[in-house]
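Okay, here's what each chain looks like letter by letter:
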Amino acid sequence: MKIYLNGNMVNREDAKVSVFDHGFLYGDGVFEGIRSYNGRIWKLEEHVKRLYASAHTILLQIGMSQREMIDAVAATVRGNNLHDAYIRLVVSRGEGDLGLDPRKCSKPNIIIIADKIVLYPQELYEKGIQVVTVPTRRNLPEALNAQVKSLNYLNNILAKIEATNAHAQEALMLSSDGYVAECTGENVFFVREGQLVTSPVHLGVLKGITATAVMDMARARGVDVVDQTFTRYDLWNADEAFLTGTAAEIVPVVMVDGRQVGSGTPGELTRKLREDFKTLTQSEGYPIYEVSKQ
Ligand code: PMP
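Quantities reported herein were computed from a predicted structural model and do not represent experimental measurements. Residue numbers restart at each chain and count upward from 1, following the sequence in its written direction. Two thresholds apply to this predicted model, a pLDDT of at least 70 for residue-level local features and 80 or more for giving and counting side-chain atom pairs, whereas whole-chain, interface and lining totals are computed over all residues. The side-chain numbers reported here are obtained from all heavy atoms of the structure, hydrogens and water having been left aside.

Draft legend 1. Structural view of the overall build of the protein. Helix and strand assignments follow DSSP, with helices taken as H or I runs no shorter than four residues and strands as E runs no shorter than two, numbered in order from the N terminus. If you tally the helices and strands in the protein, you get nine helices and 16 strands. By principal-axis analysis of the C-alpha atoms, the protein measures approximately 55 × 45 × 30 Å. We call a residue buried when its accessible area falls under 20% of the maximum for its residue type, exposed when it is over 50%, and partly exposed in between, using a 1.4 Å probe and counting protein chains only. Looking at the protein as a whole, 50% of its 294 residues are labelled buried. Note on contacts: a residue pair is in contact if any heavy atoms of the two residues lie within 4.5 Å. Long-range pairs, those at least 24 residues apart, make up 71% of the contacts in the protein between residues at least 6 apart in sequence. Shrake-Rupley sampling with a 1.4 Å probe provides the accessible areas, and residues are treated as covered by the protein chains on show and by no other component. Looking at the protein as shown, the accessible area adds up to about 14100 Å², and 52% of this sits on carbon and sulfur atoms.

Structure representation (structure tokens):
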């Protein structure tokens, strides 16, 4: 495996950064998780744009253009001879001293890893997963805006531990005022009387790139799609529910807090959207290999 590290392709064993990196010391940095399918990187420009917006928000200068970053991501996937990959793009604040002050970190570390990821066994995509509401609330947007995909995921990791302790596959996280926000790395959707509903970003929810694509796909099917606040009650009494995320893709939810959702099997719209997603991801995206032939 070859890792992109600050402009060079290095072996995995040599892909090392300093223990003084503020990404390691403080979670000071930003990242993206991206997928490629069939030799094309799905929504690459959107992911890079979001990375740069996260970096801009925390006043982190990446030091290369978005176009250069797009090329670097494609080159990393190419360099590992992958067609279907999970890509982790990380920009940390870089090496500094033991204090918090980011001005002491002169140069960010830019890392691109292209590998594989399997979040859930195939069986669960066919049967659906169970989620439980966890005590840990989603970060207050006023404290850390959820649009910043920062290297500090402790809030979500605590929620994931709580879900695992409760023998559920995923954690349903609420906003500070008790509305359904999102899961630890996925956006939440439900279907009720033909309408598709998801949580609004002002609750402290990441605007998911998969979620945006799914909303477009649903609208293209003539489905009414809204983002509005909703409670656990709405999920318990939904006809269908599912989660979306780059790593998870579209995963049906059949049980929430011990309540069966709909028929207890993946719903019809969920299945259709999964098919649409598969078709689109196989044919659209930034071509990895055509670039090298130019
Ligand atoms: N919410 C959170 C907290 C996440 O970390 C992710 C994964 N990036 C998502 C939602 C889903 O976003 P996307 O579809 O852009 O991967």
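Draft legend 2. Broad picture of the side chain of N156. Within the secondary structure layout, N156 lies in helix α5 (residues 154–165). On the accessibility criterion, N156 (5% relative accessible area) is buried. With residues near it in sequence (within four places) discarded, N156 still touches R138, M173 and T184.

Draft legend 3. The arrangement of the side chain of R35 in detail. Mapped onto the elements of the fold, R35 is located in strand β3 (residues 29–37). R35 gets classed as buried once you look at its relative accessible area, which sits at 11%. Setting aside anything within four residues of it in sequence, one finds R35 in contact with R40, I41, W42, A85, Y86, I87, I117, T246, A247 and E249.

Draft legend 4. Just the site of the ligand, in detail. One heavy atom within 4 Å of a molecule or strand makes the whole residue count as near it. By nearness alone, 17 residues border the ligand, and K149, Y153, E182, T210 and T246 come closest of all. Taking R50, its side chain carries an N or O atom lying 2.9 Å from an oxygen atom of the ligand. Pairs of N or O atoms within 3.5 Å make up the polar contacts considered here, provided that, within protein, one atom can donate a hydrogen while the other can accept it, and that residues adjacent in sequence are counted only when both atoms are side-chain atoms. Residue T210 places a side-chain N or O atom 2.6 Å away from an oxygen atom belonging to the ligand. When the ligand sits alone it has 380 Å² of accessible area, and the protein chains cover 95% of it. Secondary-structure elements contributing two or more residues to the shell around the ligand are α6 (209–220) and β13 (240–245). Per-class residue counts for the shell around the ligand are three nonpolar, nine polar and five charged. For this scheme, ten residues count as nonpolar: Ala, Val, Leu, Ile, Met, Phe, Trp, Tyr, Cys and Pro. Four count as charged, namely Asp, Glu, Lys and Arg, and the remainder, Gly too, count as polar.

Draft legend 5. Representation of the packing of aromatic side chains within the structure. In summary, the pairing rule links any two rings of Phe, Tyr or Trp, Trp by its six-membered ring, whose centres are within 6.5 Å, and it sorts them by plane angle into stacked for under 30 degrees, edge-to-face for over 60 and tilted for everything else. Scanning all chains against the criterion turns up six aromatic pairs. Ring geometry for F31 versus Y153: centroids 5.3 Å apart, planes at 70°, classification edge-to-face. Highlighted residues: F31 in strand β3 and Y153 in the loop between β7 (129–133) and α5, separated in sequence by 122 residues. Ring plane angle 80° and centroid distance 5.7 Å describe the contact between W42 and F277, whose orientation is recorded as edge-to-face. Residue W42 is located in the loop between β4 (40–41) and α2 (44–57), and its partner F277 is located in helix α8 (residues 268–283); the two are separated by 235 residues in the primary sequence. For the pair formed by W42 and F277, the shared burial category is buried. Among the aromatic residues, those joined into a cluster by ring pairs are Y37, W42 and F277. Placement of a positive charge over a ring is assigned whenever Lys NZ or Arg CZ falls within 6 Å of the ring centre and within 35 degrees of the normal to the ring plane. When the ring centre of W42 is taken as origin, the NZ or CZ atom of K43, which lies over that ring, is 4.8 Å away.

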